[in-house]
2 protein chains.
Amino acid sequence: MSVPAPSEPESPFGQRVTVEQVEEGCELAPKFDAAGLIPCVTTDHASGEVLMVAVMNRDALAKTIETGEAHYWSRSRQQLWHKGATSGLVQKVTEMRIDDDQDCVWLRVEIVGGASCHVGYRSCFYRRVPVGADRSQGTKLEFTESEKAFDPKAVYGDAANPTQL
Amino acid sequence: MSVPAPSEPESPFGQRVTVEQVEEGCELAPKFDAAGLIPCVTTDHASGEVLMVAVMNRDALAKTIETGEAHYWSRSRQQLWHKGATSGLVQKVTEMRIDDDQDCVWLRVEIVGGASCHVGYRSCFYRRVPVGADRSQGTKLEFTESEKAFDPKAVYGDAANPTQL
């Protein structure tokens, strides 16, 4: 009796064959960049506020689809990142969308705890940039959240700040 | 009389000196990647729907701030892209935000004409990916817009489709 050779686990993603298939079809065939990553925009399911922009690798995207909880690829730690595993601020996915050429993911999420940003704010986008005619009032960034939703020191302790200069 | 040497035009963006300044300060000091680009998420100002994700170079970001109309960097055409210059679907910026480490921009826009996607839909994210328990109903992408907002052939003619396989 012959023993079958061990096979690669089947990919959950389709092959990209034609532009029409990718843009107009019903098969998930995401495009990962040269580093194996796809960007992901995450918004609050109720307010529509953009909470964060991160990246996923194949494993993170597959795990997010499988579990319904947001997983990303952490470039600073070079590892799979189950968002909220440290802070408790898990993101429950209420909807996932893929864009026209399938090289970007949009997650709508509900956050247990309500906040998302490592600085302590609800959204990572907590500052407004004056644009166009509004610049006559000044060009400084304006804070859009009056106070932090949590104390990052209490949640993350002495973990390294991921911000790079 | 000495003639002053021609100087570089003054940068509209601040220097990135400390993490605290970048995260907690009021100065716009964006981080451009190795290719000189910063990603930008664009949402509909009223519905909160994510319309598109693109990139800006320094010039595109500066022009967006100056004019209040969205400018991006077109990677397929390798040129400054005043969104809507071809299609008429100009994006009026109602709010610009910058994220914690200032390496991502969020634009809220009002679109003259209402649509954004080169395929003809209102948003580039016109397909839903079933996630978690919803996958028991099937794993195929579901269209979220029942019909196209415009005919891309009529608007773009024979211009090359920017989607890459």
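Everything that follows concerns the structure shown earlier in this document.
Calculation criteria
Residues numbered from 1 in each chain as written. Chains lettered and ligands numbered in written order. Predicted model: local features only at pLDDT ≥ 70, side-chain atom pairs only at ≥ 80, totals over all residues. Heavy atoms only, no water. Buried < 20%, exposed > 50% of the residue type's maximum accessible area, 1.4 Å probe, protein only. Helix = DSSP H or I, 4+ residues; strand = E, 2+ residues; numbered from the N terminus. Arc of directions from axis to C-beta. Contact = heavy atoms within 4.5 Å. Pairing = 2+ DSSP bridges. Lys, Arg positive; Asp, Glu negative; His and termini not counted. Salt bridge = Lys/Arg side-chain N within 4 Å of Asp/Glu carboxyl O. Polar contact = N/O pair within 3.5 Å; in protein donor to acceptor, adjacent residues only side chain to side chain. Buried area = accessible area lost by both parts, 1.4 Å probe. Nonpolar A, V, L, I, M, F, W, Y, C, P; charged D, E, K, R; others polar.

Chemist: Hey, could you run me through helix H2 (residues 58-67) of chain A in this one?
Modeler: Count 3.6 residues to each turn of an α-helix, and residues three or four apart come out pointing the same way. Taken together, the buried positions of H2 of chain A are Ala60, Leu61, Thr64 and Ile65 of chain A. Down the axis, H2 of chain A shows its buried residues gathered within 130 degrees of arc, on one side only. Residues of H2 of chain A that are buried in the fold lie against strand S2 (50-56), strand S3 (71-74), strand S4 (79-82), strand S5 (91-98) and strand S6 (105-111) of chain A together with strand S7 (127-129) of chain B. Looking one or two places after H2 of chain A, you find glycine 68 of chain A, whose phi comes out positive at around 75 degrees.

Chemist: What is the right way to look at the pairing of S6 of chain A in this model?
Modeler: Looking along a regular strand, one sees the side chains alternate between the two faces of the sheet. Residues and elements named next belong to chain A. Of all 7 residues in S6, 5 are buried, a share of seventy percent or more. Relative to S6, strand S1 (residues 38-44) runs parallel, the two sharing 5 bridges. Note on S6: the bridge partner recorded for threonine 43 is arginine 108. As judged from the 7 bridges shared by S5 and S6, these two strands associate in the antiparallel manner. The residue of S6 that forms the bridge with glutamate 95 is arginine 108. Joining the antiparallel neighbours S5 and S6 is a turn of 6 residues, in which glutamine 102 adopts a positive phi near 60 degrees.

Chemist: So what exactly am I meant to see when it comes to the side chain of arginine 127 of chain A here?
Modeler: Topologically, arginine 127 of chain A is positioned in strand S7 (residues 127-129). Although arginine 127 of chain A lies buried, it forms no salt bridge, and the closest oppositely charged side chain, aspartate 99 of chain B, sits 6.4 Å away as judged by the N-O distance. Here valine 22 of chain B takes part through its backbone oxygen, which lies 2.8 Å from a polar atom of the side chain of arginine 127 of chain A. Here aspartate 99 of chain B takes part through its backbone oxygen, which lies 3.3 Å from a polar atom of the side chain of arginine 127 of chain A.

Chemist: Just to check I follow, could you spell out the environment of alanine 34 of chain A for this structure?
Modeler: All names here are of chain A. Considering the arrangement of structural elements, one finds alanine 34 in the loop between helix H1 (19-24) and S1. Judged by relative accessible area, alanine 34 falls into the exposed class, the value being 89%. Placed 124 residues apart in sequence, alanine 34 and aspartate 158 show a C-alpha to C-alpha distance of 33 Å.

Chemist: Just checking my understanding: could you explain the interface of chain A and chain B for this structure?
Modeler: Quoted interface sizes are often the accessible area lost when the parts come together. Every contact between the two is made by 59 residues of chain A and, on the other side, 59 residues of chain B. Across the interface of chain A and chain B, roughly 5,000 Å² is buried in total on both sides, 59% from carbon and sulfur atoms. Among the residues of chain A in contact with chain B, Phe125, Arg127 and Leu165 of chain A are the three that bury the most area, contributing 14% of the side total. Our count for the chain A to chain B interface comes out at 6 salt bridges. Between glutamate 95 of chain A and arginine 128 of chain B there is a salt bridge, and its shortest N-O distance comes to 2.4 Å. At the junction of chain A and chain B, the tally comes to 38 residue pairs in polar contact (both at pLDDT 80 or more). Of the residues in the side of chain A that touches chain B, the class split is 27 nonpolar, 15 polar and 17 charged. As paired strands, S5 of chain A and S7 of chain B are joined by 3 bridges and run antiparallel to one another.

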